[in-house]
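Structure assessment
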Amino acid sequence: MIMLDTKQLKALFEREYGREPGEIHCFFAPGRVNLIGEHIDYNGGYVFPVAITLGIYSALRWRQDRLVRLKSTNMALEVALDLNRPLEYCERDGWGNYPKGMIQYLLAGGQKLQGCDILFSGNLPDGTGLSSSAAMLVLTGFMLKYASGKTTVDRPALARLSQKVENEFVKVNCGIMDQFAVAMGRRDCAILLNCQTLEYKYIPFVLGEYSLVIMNTNKKRELTESRYNQRRTEAEQALTLLRQGRSLDNLCQASLDDVARLAADDVLRRRARHAVTEQSRVLKAADLLEQGDITGFGRLMIESHASMKNDYEISGPELDAIVDHALATPGCIGARMTGGGFGGCAIALVETARLESFQAAVAAGYQKSTSRTAAFYVAGISDGVNPL
Ligand code: ADP
Ligand code: MG
């Protein structure tokens with residue numbers, strides 16, 4: 001995992017754009033993982049993300065003209081924008097659409113911008129559910145505001161704007177959790193967040209003798225959107241049926257007695273049961289972590305994975321295999337898939353002293369079960385986006 005300091009980042013920047021007068025401003029935005037509370041946001045409940053020490057760095061130097069040049073050490077494509085012309089989504093601009101969209105929305109919001117050269121450089125794998133897209137958007141917005149002299153950035157507003165750009169400009173139907181975690185993360189804390197009201201509370205997440213291991217199945221998230229939409233529809237159907245008996249604001253408010261009333265439809269009953277039990281696990285997790293009970297939290301991770309596998313059916317053979325191998329390996333006290341599901345990453349809590357043997361055993365077991373090669377990242381819990 002390559003960590004950069006400002007000196008290294010400035011050297012990368014000057015290699016790409018040359019040495020010229022003018023300050024080079026440096027920033028970092030974290031990726032995120034959701035510790036527990038999956039498919040809960042649209043059911044009205046609390047999610048529980050952390051910002052991680054893997055993320056994306058950026059450097060910016062203002063220009064005297066209206067040209068914006070975008071480069072990334074992770075991508076071959078280079079993109080140039082003319083601020084005098086309308087900025088529209090364009091397939092050809094690939095990854096450049098993330099910064100382009102943010103720039104367009106900042107301009108539309110009345111922000112004055114001049115041209116600039118920007119370099120991104122990430123150590124966060126993209127497309128694996130660790131929210132590199134949210135990191136790109138929040139980073140671009142923060143950088144352009146901060147380097148323009150607005151050193152107190154309204155972080156919740158930036159998270160909302162980033163979500164708007166991802167929804168409307170990039171046209172990805174995502175909630176607010178990712179952008180909020182990237183903008184509002186706090187070192188060694190998880191964020192207990194209600195995605196509908198944006199009420200939040202920081203809960204200490206101190207790992208002690210354990211480490212948070214991210215396990216990438218390297219299985220692409222396929223059909224994610226159609227299955228995601230299907231789950232949303234099923235959750236709405238379950239809520240509609242439950243509302244025939246009593247008034248409920250959302251599915252997370254239901255009780256297990258309510259869930260039992262859905263006996264006639266086993267699928268809807270299981271979907272509702274996941275929402276209800278997962279929500280209670282999130283709240284329990286926050287309580288346990290406040291008391292410093294990391295092993296209790298590990299047990300909740302295991303229950304959460306079973307619920308996602310059996311009730312909400314958003315796991316898959318690769319995620320199940322990697323979680324099973326993790327749990328069968330000495331030193332692991334909890335593991336679960338994280339994110340939307342059907343591929344992407346799982347997380348595990350592992351004794352730091354046994355990290356090496358853990359990774360070797362899970363890599364070998366996973367390879368044998370799935371013929372795929374997993375990747376592992378040990379992540380710390382980071383602050384949100386900041387100047388470097
Ligand atoms: P996720 O958010 O789960 O990582 P997405 O598909 O939502 O996956 O977003 C990934 C996209 O974000 C990439 O395809 C690319 O366009 C952009 N991206 C991520 N990291 C970088 C980077 N370091 N430099 C440039 N673009 C990036
Ligand atoms: Mg994304």
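Quick caveat, the model's predicted, so the values are computed rather than measured. (Residues numbered from 1 in each chain as written. Chains lettered and ligands numbered in written order. Predicted model: local features only at pLDDT ≥ 70, side-chain atom pairs only at ≥ 80, totals over all residues. Heavy atoms only, no water.)

Some words on the pairing of strand β3 (residues 49-62)
Burial analysis of β3 places twelve of its 14 residues in the buried class, which makes it a mostly covered element. With nine bridges connecting them, strand β1 (residues 25-34) and β3 associate as antiparallel partners. Counted as the bridge partner of Cys26 is Ala59 from β3. Where β3 lies against strand β6 (residues 116-122), seven bridges are found, and the strand directions are antiparallel. Each residue of the ladder has a partner; that of Trp62, found in β6, is Cys116. (Buried < 20%, exposed > 50% of the residue type's maximum accessible area, 1.4 Å probe, protein only. Helix = DSSP H or I, 4+ residues; strand = E, 2+ residues; numbered from the N terminus. Pairing = 2+ DSSP bridges.)

Looking at the UniProt feature "binding site: substrate" (unreviewed entry) in the protein
Residues annotated by UniProt as "binding site: substrate" (unreviewed entry) correspond here to Glu38, His39, Ile40, Asp41 and Tyr228. The greatest C-alpha distance among the annotated residues, which extend across 191 residues, is 12.3 Å, indicating that they converge on a single site. Along the chain, His39 turns up in the loop between β1 and β2 (46-47). Relative to the helices and strands, Asp41 resides in the loop between β1 and β2. Residue Asp41 is classed as buried on the basis of its relative accessible area, which comes to 18%. Other than its neighbours up to four places away in sequence, Asp41 contacts Val47, Gly175, Cys195 and Gln196. (UniProt positions renumbered as here; feature names shortened; annotations may be inferred. Contact = heavy atoms within 4.5 Å.)

Focus on the UniProt feature "site: Transition state stabilizer" (unreviewed entry) in the protein
As annotated in UniProt, the feature "site: Transition state stabilizer" (unreviewed entry) corresponds to Arg32 in the numbering used here. Topologically, Arg32 is positioned in strand β1. On the basis of relative accessible area, Arg32 is assigned to the buried category, the value being 5%. Discounting chain neighbours no more than four positions away, the residues touching Arg32 are Pro49, Val50, Ala51, Ile52, Gly129, Leu130, Ser131, Met177, Asp178 and Ala181.

What to know about the pattern of salt bridges
Scanning the entire structure with this criterion turns up 27 salt bridges. A salt bridge links Arg270 to Glu313; its shortest N-O distance comes to 3.2 Å. Remark: Glu313 occurs in the loop between α9 (294-310) and α10 (317-327) and Arg270 occurs in helix α8 (residues 266-290); sequence separation between them is 43 residues. For Arg270, a relative accessible area of 15% gives the class buried. If you follow the salt bridges from partner to partner, you end up with Arg231, Glu234, Asp266, Arg269, Arg270, Arg271 and Glu313 in one network. (Salt bridge = Lys/Arg side-chain N within 4 Å of Asp/Glu carboxyl O.)

Considerations on the site of ligand 1
The environment of ligand 1 is made up of 17 residues, and the closest members are Ser72, Asn74, Gly127, Gly129 and Ser132. In this structure, Gly127 approaches ligand 1 through a main-chain N or O atom, which is 2.9 Å from an oxygen atom. The side chain of Ser133 places a nitrogen or oxygen atom 3.0 Å from an oxygen atom of ligand 1. Computed on the free molecule, ligand 1 has an accessible area of 560 Å², of which 83% lies beneath the protein chains in the complex. In terms of residue count, the dominant contributor to the shell around ligand 1 is helix α3 (residues 132-147) (three residues). Looking at the shell around ligand 1 residue by residue, the classes come out as six nonpolar, nine polar and two charged. (Near = heavy atom within 4 Å. Polar contact = N/O pair within 3.5 Å; in protein donor to acceptor, adjacent residues only side chain to side chain. Areas by Shrake-Rupley, 256 points an atom, 1.4 Å probe, with all protein chains shown as cover. Nonpolar A, V, L, I, M, F, W, Y, C, P; charged D, E, K, R; others polar.)

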